[in-house]
Amino acid sequence: MRLLLVEDEERLLDSLVFQLEQEGFSVDACRDGEEALYYIQQNLYDLILLDRMLPLLDGTEVLKTMRRSHNSTPVILITALGTLDDKVTGLDLGADDYLVKPFAFEELMARIRCVARRPRRLAPEGTLSFRDITCSIEDSTLAGPGGSCSMSRRERDLMEIFLRNPGQTLSRPLLLTRVWGMDSDVEEGNLDNYIHFLRRRLKTVESSVSIRTVRGIGYRMEA
Ligand code: CA
């Protein structure tokens, strides 16, 4: 699992990075909100641990900006502010969970497991576009130069991940976890079937966009 940790308290940051890596996570760390947004735009994470009070750009602003640009990566907000109002604000802004400092590392691990197990509820509204295709998330339709067609929910979830990360090679485990959830016992071959379905959809709408197989890794959407 690839994780972004945003925390400006140096000692806490170092200790969390160390412990998370011990648990087998691949961790990127940053110390302010602007750096965090840059990392979030450049990379694909399975989870983001986001401190609320940060230099340059507040954690809630980072979260707001992410969700506005339809980035649905799970976020656990970490903060010293533990009042009910703060929790509600954080969750309303699109945080998946909330952790109050100081916390035991075991509690953080439990929250991470819990959030990672949840199948992603992908953004229900809006449309996503890449080159000559537009996908309406709300009604699961795909439109291209040759018309439009509707997709099943899984097809749409998978299409959405590709559209949010065009040109990026997405690994098979990442796609399986995002679409089917971490604990699901979905067969690997199922993913190939769904890729096949999506390729057929792209052909139906006469798009020049394709989903390429990256041998030994996964898939990539490109024009
Ligand atoms: Ca802080």
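Here's what I pulled together on the structure shown here. Nothing here was measured: the structure is a model prediction, and the numbers come from that model.

## Comments concerning the coordination of the calcium ion
Four donors placed tetrahedrally around a metal ideally meet at 109.5 degrees, and six donors placed octahedrally ideally meet at 90 or 180 degrees.
Phase 1 of the analysis: Bound to the calcium ion on the protein side are Asp8 (OD), Asp51 (OD) and Met53 (O), at distances that span 2.1 to 2.3 Å.
Phase 2 of the analysis: Each donor residue of the calcium ion lies on the same chain, and together they follow the pattern D-x42-D-x1-M. Of this pair, Asp8 sits in the loop between β1 (2-6) and α1 (10-22) while Met53 sits in the loop between β3 (47-51) and α3 (59-68), and the two are 45 residues apart along the sequence.
Phase 3 of the analysis: Owing to a relative accessible area of 48%, Met53 belongs among the partly exposed residues under this scheme.

## Focus: the side chain of Glu155
Phase 1 of the analysis: With respect to the helices, strands and loops of the structure, Glu155 is situated in helix α6 (residues 153-164).
Phase 2 of the analysis: Non-local contacts of Glu155, meaning those with residues more than four positions away in its chain, are made with Tyr194, Phe197, Leu198 and Arg201.

## Section: the side chain of Thr79
Phase 1 of the analysis: By the element assignment, Thr79 lies in strand β4 (residues 75-79).
Phase 2 of the analysis: When near neighbours in sequence (up to four residues on either side) are disregarded, Thr79 contacts Asp51, Arg52, Tyr98, Leu99, Val100 and Lys101.

## As for the sheet that holds strand β7 (residues 133-136)
Backbone-to-backbone hydrogen bonds join strands into a sheet, with any given pair of strands oriented parallel or antiparallel.
Phase 1 of the analysis: Taking strand neighbours across the sheet as the criterion, the four strands line up as β6-β7-β8-β9 in an open arrangement whose pairing is antiparallel. On the outer flanks of this sheet lie β6 (127-130) and β9 (147-150), each paired with one strand and no other. Each neighbouring strand pair of the sheet contributes to a mean axis angle of 15°, computed without reference to strand direction.
Phase 2 of the analysis: Relative to β9, strand β8 (residues 141-144) is paired through four bridges, and the arrangement is antiparallel. Note on β9: the bridge partner recorded for Thr141 is Ser150.
Phase 3 of the analysis: Against the sheet, α6 engages β6, β7 and β8, with an angle of about 55° to β6.

## Some details on the sheet that holds β4
Phase 1 of the analysis: Pairing within the open sheet is parallel, and its five strands lie in the order β2-β1-β3-β4-β5. On the outer flanks of this sheet lie β2 (26-30) and β5 (97-100), each paired with one strand and no other. Strand-to-strand twist of the sheet, defined as the mean angle between neighbouring strand axes without regard to direction, takes the value 20°.
Phase 2 of the analysis: Bridge count for β4 against β5 is four bridges, and the pairing is parallel. Within the sheet, the bridge partner assigned to Leu77 lies in β5 and is Tyr98.
Phase 3 of the analysis: Those strands touched by α1 are β1, β2 and β3, and its axis lies near 170° from that of β2.

## Let's talk about unusual backbone geometry
Phase 1 of the analysis: Note that the residue after Lys101, namely Pro102, is joined by a cis bond; omega there is -5°.
Phase 2 of the analysis: Counting through the fold element by element, Pro102 comes out in the loop between β5 and α5 (105-117).
Phase 3 of the analysis: Here the phi dihedral of Arg131 falls at roughly 50°; this positive angle occurs in a residue that is not glycine.
Phase 4 of the analysis: If you trace the backbone, Arg131 turns up in the loop between β6 and β7.

## Focus: the nonpolar core
Phase 1 of the analysis: One finds Leu142, Leu158, Met159, Phe162 and Met221 to be the most contacted residues of the largest nonpolar core, which totals 30 residues.
Phase 2 of the analysis: Other than its neighbours up to four places away in sequence, Leu158 contacts Leu175, Val179, Leu191, Tyr194, Ile195 and Leu198.
Phase 3 of the analysis: Within the second largest apolar cluster, 19 residues are counted, among which are Leu5, Phe25, Leu108 and Met109.

## Considering helix α8 (residues 188-204)
Phase 1 of the analysis: Taking 1.5 Å of rise per residue, the 17 residues of α8 would be expected to cover 24 Å, and the 25 Å separating its terminal C-alpha atoms lies within 8% of that figure.
Phase 2 of the analysis: The complete set of buried residues in α8 reads Leu191, Tyr194, Ile195, Leu198 and Leu202. Seen along its axis, α8 keeps its buried residues to an arc of 105°; they face one direction. For α8, the exposed residues lying more than 90 degrees away from the buried face are Arg200 and Lys203.
Phase 3 of the analysis: Downstream of α8 by a residue or two, Glu206 has a phi angle that is positive, lying close to 55°.

The rules behind these values
- Residues numbered from 1 in each chain as written.
- Predicted model: local features only at pLDDT ≥ 70, side-chain atom pairs only at ≥ 80, totals over all residues.
- Heavy atoms only, no water.
- Donors = N, O, S within 2.8 Å, 3.2 Å for Na, K, Ca; no water.
- Helix = DSSP H or I, 4+ residues; strand = E, 2+ residues; numbered from the N terminus.
- Buried < 20%, exposed > 50% of the residue type's maximum accessible area, 1.4 Å probe, protein only.
- Contact = heavy atoms within 4.5 Å.
- Pairing = 2+ DSSP bridges.
- Axes fitted to C-alpha atoms, helices over the stretch in contact; angles between N-to-C directions.
- Core = buried A, V, L, I, M, F, W, Y, C linked by side-chain atoms within 4.5 Å.
- Expected span 1.5 Å × (residues − 1).
- Arc of directions from axis to C-beta.

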